[in-house]
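Listed below, chain by chain, are the residues.
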Amino acid sequence: MDKNQIITNTEAFVKQTLKNAEGGHDWFHILRVWNNAKLISKNEQVDTFIVELGALLHDIADSKFYNGDETVGPKVARMFLQKQGVSEDIIIHIENIITNISFKGGNFKQTFTSPELDVLQDADRLDAIGAIGIARCFNYGGFKNRPLYNPEIPPNLNMTKEEYKKSEAPTINHFYEKLLLLKDKMNTKTGQQIAADRHIYMETFLQQFYNEWNGIK
């Protein structure tokens, strides 16, 4: 099957699969990551077919919505790609991207690397910071019924992968446990440049948040 047709079929499949997804992990998140990935790829030596498939399928079954089961996403992607006649080596690459793309706490050790994964990690992480990152963070916090902030519960920067997945900490803590760490984890120059601006925006937001919380003008 023609690669362009496979991308078109994948887009339709993902739209249908995620039509009722939580707002921070829905089709529009996928679309933003897809656009970010295409932008970053312009300055990188990568297989753009793998990058686009990876962008479209990276959150097809996010483990946080499947009781932490990280095997669901790769399985769903494999079944779909096999029906599209995609080669086994590309399917394995996509499975590895899905397994390794996400930030899973400060102690998580990535087990797979590729230029395509580097691009996709940056594309996904860019959507977790800046204005949209802030909106997604509070949207998910509301979805999980977490408090906005509790000064008596400090951020935990030494969580294991399992502790990170099960955390019920206030939403503001997530900035310190993940979002503010992403700027220094970017893989590409394009990702680093965009992340720098979005990082500053988050710092400004946090200062305003604390001022309002504490009754400071």
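In the block above lies the structure referred to throughout.
Rules and cut-offs
- Residues numbered from 1 in each chain as written.
- Predicted model: local features only at pLDDT ≥ 70, side-chain atom pairs only at ≥ 80, totals over all residues.
- Heavy atoms only, no water.
- Helix = DSSP H or I, 4+ residues; strand = E, 2+ residues; numbered from the N terminus.
- Rg over C-alpha atoms; globule rule 2.2 N^0.38 Å.
- Contact = heavy atoms within 4.5 Å.
- Areas by Shrake-Rupley, 256 points an atom, 1.4 Å probe, with all protein chains shown as cover.
- Lys, Arg positive; Asp, Glu negative; His and termini not counted.
- Charge placed at Lys NZ, Arg CZ, Asp CG, Glu CD.
- Phe/Tyr/Trp six-rings, centres within 6.5 Å; stacked < 30°, edge-to-face > 60°.
- Buried < 20%, exposed > 50% of the residue type's maximum accessible area, 1.4 Å probe, protein only.

Novice: Just to check I follow, could you spell out the overall build of the chain for this structure?
Specialist: The number of helices and strands found in the chain is 10 helices and zero strands. Computed over C-alpha atoms, the radius of gyration of the chain comes to 18 Å, within 12% of the 17 Å expected from 2.2 N^0.38 for 217 residues, which places it in the range of a compact globule. If one aligns the C-alpha atoms of the chain with their principal axes, the spans along those axes are about 60 × 35 × 30 Å. Here the contacts in the chain between residues at least 6 apart in sequence split such that 66% fall between residues at least 24 apart. Looking at the chain as shown, the accessible area adds up to about 11,400 Å², and 51% of this sits on carbon and sulfur atoms. When the 25 positive and 28 negative side-chain charges of the chain are each reduced to one mean point, those points stand 2 Å apart.

Novice: Explanation requested: the packing of aromatic side chains in the structure shown.
Specialist: To describe a pair of aromatic rings, one takes the distance between the centres and the angle between the planes. If you walk through the whole model with that rule in mind, you get 12 aromatic pairs. Where Phe13 meets Phe80, the ring centres are 4.3 Å apart and the plane angle is 10°; that geometry is what we call stacked. Here Phe13 is found in helix α1 (residues 3–17), whereas its partner Phe80 is found in helix α4 (residues 72–83), with 67 residues between them in sequence. Judged by relative accessible area, Phe13 falls into the partly exposed class, the value being 23%. An aromatic cluster is present here, built from Phe138, Tyr149, Phe175, Phe205, Phe209, Tyr210 and Trp213 joined pairwise through their rings.

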